[in-house]
Amino acid sequence: MTNDIKESRNEQWREDLRRNVSAKERMKISRVKMPELDPKYRITCNEEVNMGITAEMAVQEAKRCLDCPNPQCVTGCPVGINIPKFIKNIERGAFDKAAATLKETSALPAVCGRVCPQEKQCESRCIHHKMNSEPVAIGYLERFAADHERNSGIVSRPEIAPANGIKVAVVGSGPAALSFAGDMAKMGYDVTVYEALHEIGGVLKYGIPEFRLPNSIVDHEINGLKEIGVKFEKDIIIGKTLTYDDLHEMGFKGIFVASGAGLPRFMNIPGENLNGVMSSNEYLTRINLMGAGKPDWDTPVLKGRNVAVIGGGNTAMDSVRTAKRMGAERAILVYRRSEEEMPARIEEVKHAKEEGVEFMTLHNPIEYKGDETGRVNLMRLQKMELGEPDESGRRSPVPVDGAIEEISVDLVIVSVGVSPNPLVPKSIKSLEVSKRNTIVVDNETMKSSLPDLYAGGDIVRGGATVILAMGDGRRAAKCMNEALMSNGTK
Ligand code: FAD
Ligand code: SF4
């Protein structure tokens, strides 16, 4: 816990708030419920499901926070947001100050307020758990403060140090890249972000659907970075269009690689090459980034009546809920363990069920069969049971002898994990890469085996979360700045 976080608690206005409402009264308030679109309506469109809480609800929820002297919620936040300070600002109605507090440490609060797994991070450590009470809805409050600022039109911009003339390059434009770029620009660097695709935002744009994270929210955050001087170059593939050596020749003194883990994995079972079997990356990218399914767009996408999505993570859940919105009569989630072991966010599981997604847990596909045209029409599933915990700590799925089921399907979306994008690691000689193709870095500094190359996000972790990627970006910015300053780089 930093001294700043402790000191801010001593400010008079916070002491007054604590004195005005007792902890006992605060504990009596029930946790706010997020207003949601009706499931019958929402599966007909791409509108955001969570509608956001009102100002009254936010102030009421903020009162539940006990402003703990040693706030454990902060230790659960990978970017160390001063959570009690932003919440207490909401309680006193200073919504702009709440948003400013968030921005001290988070480049994308409106994004994180929507997609972070708070239930496993900050909220899991909230003191309310110890008193058998639901945790403070930190994620809802974060989203409220960020949205309030955006909707008010008066957006606070961070302080920017005078330009130091030092050029740094960023590879990729997902959350790790954006958070690195923001921090470096604030420190006065000349930052250029290179993105292979024709849109900025990484998975926030091409992966996570609009019904969870509208693109306009991501664009707003990107515009904020443009306003503080970050330059964005689209359609440039580092390792092909421009090499590591080219970047040096162009005068870049530091390079941050945040090229993500966009390479889909398959199960290598018979029939996976049939038409109608595809990765969730392909499915979601066609729909989210390339407009497939929208009336005036040409991008084709296969639509299924009986759609099976294989996997139990956020990507699987996003795919199966997308299939429902694309008109599937049956959208089935097939997962080899039980619901308890599913890595997807609890909220996503709840929403999927409300939307009529069928859950086939403890089942694993072993073969797909196709019709005379080569299109998948049947899936053979092995029934599973839970065995001993495996290296992930979760109980492992074990096949039940002879228990095979067959189901008619006309579209299968495979969502069983991703691997790091290999292009950048492979294109740079002498860069240390792990067996899994992740870039090896020092965990403290995010520095790779090359002195001027830092890396973070999924290219280092091999598939993690938005907030962890952002945390990596921040650490890399801090350490690259220290290294460049101590070298006397100009
Ligand atoms: P990415 O976001 O993957 O961005 C990498 C970017 O680099 C891409 O835009 C790519 O085009 C670009 N790139 C790659 N190679 C090159 C190159 N050679 N040159 C230039 N550019 C290149 N996390 C959560 O916390 N909550 C969620 O709810 C959640 N839901 C998810 C849903 C889906 C469908 C998916 C796929 C992931 C989800 N995640 C979620 C995970 C999260 O989105 C990722 O962990 C995070 O985006 C990783 O960020 P990143 O910056 O490392 O990379
Ligand atoms: Fe507030 Fe919970 Fe954090 Fe305590 S742990 S400061 S109650 S959010």
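Residues numbered from 1 in each chain as written. Chains lettered and ligands numbered in written order. Predicted model: local features only at pLDDT ≥ 70, side-chain atom pairs only at ≥ 80, totals over all residues. Heavy atoms only, no water.

A. Examining the site of ligand 1 more closely. Near ligand 1 lie 36 residues; those nearest to it are Val-115, Glu-195, Arg-212, Ile-238 and Asp-458. Glu-195 is positioned with one of its side-chain polar atoms (N or O) 2.7 Å from an oxygen atom of ligand 1. Measuring from an oxygen atom of ligand 1, one finds a backbone N or O atom of Thr-465 at 3.4 Å. Of all the secondary structure elements, the ones that give two or more residues to the shell around ligand 1 are α11 (175-186), α16 (314-325), α18 (423-427) and α20 (466-487). For the shell around ligand 1, the element with the highest residue contribution is α16, accounting for three residues. Class assignment of the residues belonging to the shell around ligand 1 gives a composition of 20 nonpolar, twelve polar and four charged. Each of two domains, domain 2 (167-261 + 420-486) and domain 3 (264-417), supplies a minimum of three residues to the shell around ligand 1. (Near = heavy atom within 4 Å. Polar contact = N/O pair within 3.5 Å; in protein donor to acceptor, adjacent residues only side chain to side chain. Helix = DSSP H or I, 4+ residues; strand = E, 2+ residues; numbered from the N terminus. Nonpolar A, V, L, I, M, F, W, Y, C, P; charged D, E, K, R; others polar. Domains from an automatic or database assignment.)

B. Spotlight on the sheet that holds strand β11 (residues 376-389). The three strands are arranged β10-β11-β12 in an open sheet whose pairing can be described as antiparallel. Where the open sheet ends on each side, the last strands, each with one partner, are β10 (363-370) and β12 (395-408). Within this sheet the neighbouring strands show an average axis-to-axis angle of 20°, counted without direction. The pairing of β10 with β11 spans seven bridges and is classified as antiparallel. Residue Tyr-368 lies in a different strand from β11, and its bridge partner there is Met-379. (Pairing = 2+ DSSP bridges. Axes fitted to C-alpha atoms, helices over the stretch in contact; angles between N-to-C directions.)

C. Up close: the site of ligand 2. Around ligand 2 lies a shell formed by Cys-65, Leu-66, Cys-68, Pro-71, Cys-73, Pro-84, Cys-126, Ile-127, Val-136 and Ile-138. Of the residues assigned to the shell around ligand 2, the class counts are ten nonpolar, no polar and no charged.

D. Highlighting the domain arrangement of the protein. Per the domain assignment, the segments making up the protein are domain 1 (3-152), domain 2 (167-261 + 420-486) and domain 3 (264-417). Each of domain 1 and domain 3 was reduced to a C-alpha centroid, and the two centroids are 34 Å apart. Across the interface of domain 1 and domain 3, roughly 1,100 Å² is buried in total on both sides, 37% from carbon and sulfur atoms. Summed over the three residues of domain 1 that lose the most area to domain 3, namely Arg-42, Ile-43 and Glu-119, the buried surface amounts to 41% of that side. (Buried area = accessible area lost by both parts, 1.4 Å probe.)

E. Focus on the side chain of Glu-149. Within the fold, Glu-149 resides in helix α10 (residues 138-152). The class of Glu-149 is buried, set by a relative accessible area of 7%. Residues within four places of Glu-149 in sequence aside, it is in contact with Ala-99, Lys-103, Ile-154, Val-155 and Ser-156. (Buried < 20%, exposed > 50% of the residue type's maximum accessible area, 1.4 Å probe, protein only. Contact = heavy atoms within 4.5 Å.)

F. Here's a closer look at the pattern of salt bridges. Under the definition given, this model contains 41 salt bridges. Where Asp-219 meets Lys-205, a salt bridge forms, and the shortest distance between an N and an O atom there is 2.7 Å. One end of the pair, Asp-219, is in helix α13 (residues 215-227); the other, Lys-205, is in helix α12 (residues 203-206), with 14 residues separating them in the sequence. Looking at Asp-219, the relative accessible area reads 32%, which means it is partly exposed. Notably, a salt bridge pairs Glu-348 with Arg-321, separated by 3.2 Å at the nearest N-O pair. Placement of Glu-348 in helix α17 (residues 346-354) and of Arg-321 in helix α16 is noted, with a sequence separation of 27 residues between them. Overall, Arg-321 belongs to the buried group, its relative accessible area being 0%. Bridged by salt links that share partners, the residues Glu-36, Arg-42, Arg-212, Asp-318, Arg-321, Arg-325, Glu-348, Lys-350, Glu-354 and Glu-355 form one connected network. (Salt bridge = Lys/Arg side-chain N within 4 Å of Asp/Glu carboxyl O.)

G. View of the pairing of β12. Direction of pairing for β11 relative to β12: antiparallel, over a ladder of nine bridges. Each residue of the ladder has a partner; that of Met-379, found in β12, is Ile-407. As consecutive antiparallel partners, β11 and β12 are separated by five residues, and within that stretch Gly-393 has a phi angle of approximately 90°, a positive value.

H. Spotlight on the side chain of His-363. Inspection of the secondary structure assignment puts His-363 in strand β10. Classification of His-363 as buried rests on a relative accessible area of 9%. Engagement of the side chain of His-363 in a polar contact is seen with the backbone oxygen of Thr-361, the distance being 2.8 Å. A polar atom in the side chain of His-363 sits 3.1 Å from the side chain of Glu-405. Aside from chain neighbours lying at most four places away, what touches His-363 is Val-334, Tyr-335, Arg-336, Leu-381, Gln-382, Lys-383, Met-384 and Glu-405.

I. Expanded view of the pairing of strand β2 (residues 190-194). Along β2, four of the five residues are buried, which leaves the element largely enclosed by surrounding structure. Note: strand β1 (residues 167-171) against β2, five bridges, orientation parallel. Bridging across to β2, Val-171 finds its partner in Tyr-194. Handedness of the crossover joining β1 and β2 through α11 is recorded here as right-handed. Inspection of the sheet shows β2 paired to strand β3 (residues 231-233) by three bridges, in the parallel sense. (Right-handed = clockwise from strand over helix to strand, strands pointing away.)

J. Focus on the nonpolar core. Counting residues in each nonpolar core, the largest one holds 93 residues, and the members touching the most others are Ile-83, Phe-86 and Ile-90. It is α20 that provides the largest number of residues to this core, a total of nine residues. Here this core spans two domains, since at least three of its residues come from each of domain 1 (3-152) and domain 2 (167-261 + 420-486). For Phe-86, the contacting residues outside a window of four places in its chain are Ile-81, Ala-98, Thr-101, Leu-102, Ile-138, Leu-141 and Glu-142. Listed in part, the 24 residues of the second largest apolar core include Ile-287, Ala-292, Ala-352 and Ile-413. (Core = buried A, V, L, I, M, F, W, Y, C linked by side-chain atoms within 4.5 Å.)

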